[in-house]
Amino acid sequence: MCHRIVQEVIFAQDVLLVSGHQAVPLTVIDSILKLVLHNPDWNRSPMSDVVRDMFKQVIPMLQARTEIQRGNRPNLSQLLHDFQEWDATDPKDHVYSLVGLASTPGLVPNYTKTVVEVFTDATVAVIVESTSLDAICFDQDDSFSHDEFKLPTWVPNYAIHHGQAGAVRARATWPNIFAAGRGCTSTKMLLSQDHTLLEIQGLSIDYLDRVFEVNGEDSVNWHSQVFKLIPQFSDHNGLSNVSSSEHDATISTLILGQMDPSNRATNLSILRPDFIHWCHFNAMATSESTKQPPIPPSRFLQALERHRLSRPRRMFAITKNHRYLTSVHAGAEPGDEICVLPSASIPLVVRPIETNQHGMTCARIGTAYVYGIMDGEAWDHPDRYPQRLYTMV
């Protein structure tokens, strides 16, 4: 669907969908989708995902129409996320078609501006509106890089669909789980005059030392490759000598911390036996020539499968100084740095361009999961994680 019809449909009192000689009110479609998608039994059915995919462009429009007609306007960040599956003849309409729907009108459409200026203005507006740097905590596939518009690395390409941009977007799920920047109450950022450089003080966590790419769409092959990497995640060989804290770090990283944030300790105690069983199962499959049955289902396996299927792809890495096991965007390389920025829910991977006594000029690569600092703990250890001025190009 095209962005140009968004406001016409949302603000219209009545909408009639016509196809040939057939017509149906939009309210009928809305009622059917609500009835189906809010049904617990239906949501457990495989057809639920099929219906959601079929109506992935319609559902956010209907939700926005309902809320706005009730007097509850979404913020610009939510609109940019919800309407990312829509197309636009002019890329600027990925932003400007939504400005009139937002709760706080922070942008004035100006079609004389370039796409880079419009997308950058939108990102700055979201940061100011939310008082958070989550707008720059995103992952996008390398195959859909910023080169199309030559955007700054910290500015999302709002013309990319979810299927291309991936599931790990700050507006999606991670900030509802993590708060890596919570320990700092000050978010001071500076923009260059042309809004291409973002300057902000953050914490330097560590550099990446080794990066492990796990290939293969095949589930069994992927699990086997991940299992073979586990001894490299620890100084110990085998499972019996590994402490529970090391298990927890490995488990959390393998599943990207997909747990209830209010009770992570309990969740880890539940997942630990599943993880050990998964390891023993893979060890048997590796040592025996006979074909093994499928891995028994478990909460750990379900979460691990979500990691496997996440887009863009992610890789595992070991950091240089602290030897942390991390999950990073697939574009990360050895020598990249992990940092935590104030008010940013998720650590970022940045690539140093120039480093001096004043700070680092760098390119933003993507997000990182680092067990032990995802709830703001890094700000309590200034000796371990020094502050640094980051200038993102």
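Since we're looking at a predicted model, the values are computed, not measured.

Student: How should I be thinking about the overall build of the protein chain in this particular structure?
Tutor: Each helix and strand in the protein chain was counted, giving 13 helices and ten strands. By residue count, 49% of the 393 residues in the protein chain fall in the buried class. Look at the contacts in the protein chain between residues 6 or more apart in sequence, and 68% of them connect residues 24 or more apart. Accessible area of the protein chain: about 19200 Å², with a carbon and sulfur share of 53%.

Student: Any chance you could explain helix α5 (residues 58-69) here in plain terms?
Tutor: Along its twelve residues, α5 runs 16 Å from first to last C-alpha, staying within 8% of the 16 Å computed at 1.5 Å per residue. Most of α5 is tucked away: nine of the twelve residues are buried. For α5, every residue scored as buried is listed here: Val58, Ile59, Pro60, Met61, Leu62, Ala64, Arg65, Thr66 and Ile68. Just past α5, the residue Gly71 takes up positive phi, approximately 90°.

Student: Mind showing me how you'd approach the nonpolar core here?
Tutor: Judged by nonpolar contacts, the single largest core of 59 residues is most densely connected at Ile10, Phe83, Val95, Phe119, Ile136, Leu341 and Met392. With nine residues, the top contributor of residues to this core is helix α8 (residues 115-130). What Ile136 contacts, discounting residues up to four positions off in sequence, is Thr123, Ile127, Trp154, Leu198, Leu341, Leu348, Arg364 and Met392.

Student: Before we go on, may I ask you to explain the environment of Tyr96 in this structure?
Tutor: Among the secondary structure elements, Tyr96 is positioned in helix α7 (residues 93-99). Setting aside residues up to four positions removed in sequence, Tyr96 forms contacts with Gln7, Val108, Pro109, Asn110, Tyr111, Lys113 and Val118.

Student: Got a minute to help me understand the packing of aromatic side chains in this structure?
Tutor: Each aromatic ring pair is summarised here by two numbers: the centre-to-centre distance and the angle between the ring planes. Scanning the model with the defined rule gives eight aromatic pairs in all. Considering the side-chain rings of Phe227 and Trp278, the 6.2 Å spacing of their centres and the 85° angle between planes classify their relative orientation as edge-to-face. Of this pair, Phe227 sits in helix α10 (residues 219-229) while Trp278 is found in helix α12 (residues 264-287), placing the two residues 51 residues apart along the sequence. With a centroid separation of 6.2 Å and 25° between ring planes, the pair formed by Phe275 and Trp278 is classed as stacked. One end of the pair, Phe275, and the other, Trp278, are both in helix α12, three residues apart, so they sit about a helical turn from each other. Accessibility classification places Phe275 together with Trp278 in one group, the buried group. Pairwise contacts between aromatic rings join Phe227, Phe275, Trp278 and Phe300 into one cluster. One residue, Arg364, lies across the ring of Phe138, its end atom 3.7 Å from the ring centre.

Student: I'm lost on α8 in this one. Help?
Tutor: Given 3.6 residues per helical turn, the α-helix brings residues three or four places apart onto the same face. Under the 1.5 Å per step criterion, the end-to-end length of α8 is 22 Å for 16 residues, consistent within 8% with the ideal 22 Å. Summarising burial for α8: twelve of the 16 residues are buried, a large majority. Buried within α8 are the following residues: Val115, Val116, Val118, Phe119, Thr120, Asp121, Ala122, Thr123, Val124, Ala125, Val126 and Ile127. Lining the buried residues of α8 we find α6 (76-82), α7 and β3 (189-191). Trailing α8 by a residue or two, Thr131 shows a phi angle of about 50°, which is positive.

Student: What's the story with the pairing of strand β2 (residues 22-25) in this structure? I'm lost.
Tutor: Successive residues of a regular strand alternate their side chains across the two faces of the sheet. In this sheet, β2 lies alongside strand β1 (residues 16-19) in antiparallel orientation, the contact comprising four bridges. For Val18, the partnering residue across the bridge sits in β2 and is Ala23. Hairpin geometry of β1 and β2 is characterised by an intervening segment of two residues between the two adjacent antiparallel strands and by a positive phi of about 65° at Gly20.

Rules and cut-offs
Residues numbered from 1 in each chain as written. Predicted model: local features only at pLDDT ≥ 70, side-chain atom pairs only at ≥ 80, totals over all residues. Heavy atoms only, no water. Helix = DSSP H or I, 4+ residues; strand = E, 2+ residues; numbered from the N terminus. Buried < 20%, exposed > 50% of the residue type's maximum accessible area, 1.4 Å probe, protein only. Contact = heavy atoms within 4.5 Å. Areas by Shrake-Rupley, 256 points an atom, 1.4 Å probe, with all protein chains shown as cover. Expected span 1.5 Å × (residues − 1). Core = buried A, V, L, I, M, F, W, Y, C linked by side-chain atoms within 4.5 Å. Phe/Tyr/Trp six-rings, centres within 6.5 Å; stacked < 30°, edge-to-face > 60°. Lys NZ or Arg CZ within 6 Å of the ring centre and 35° of its normal. Pairing = 2+ DSSP bridges.

Read these as geometric descriptors, not functional statements.
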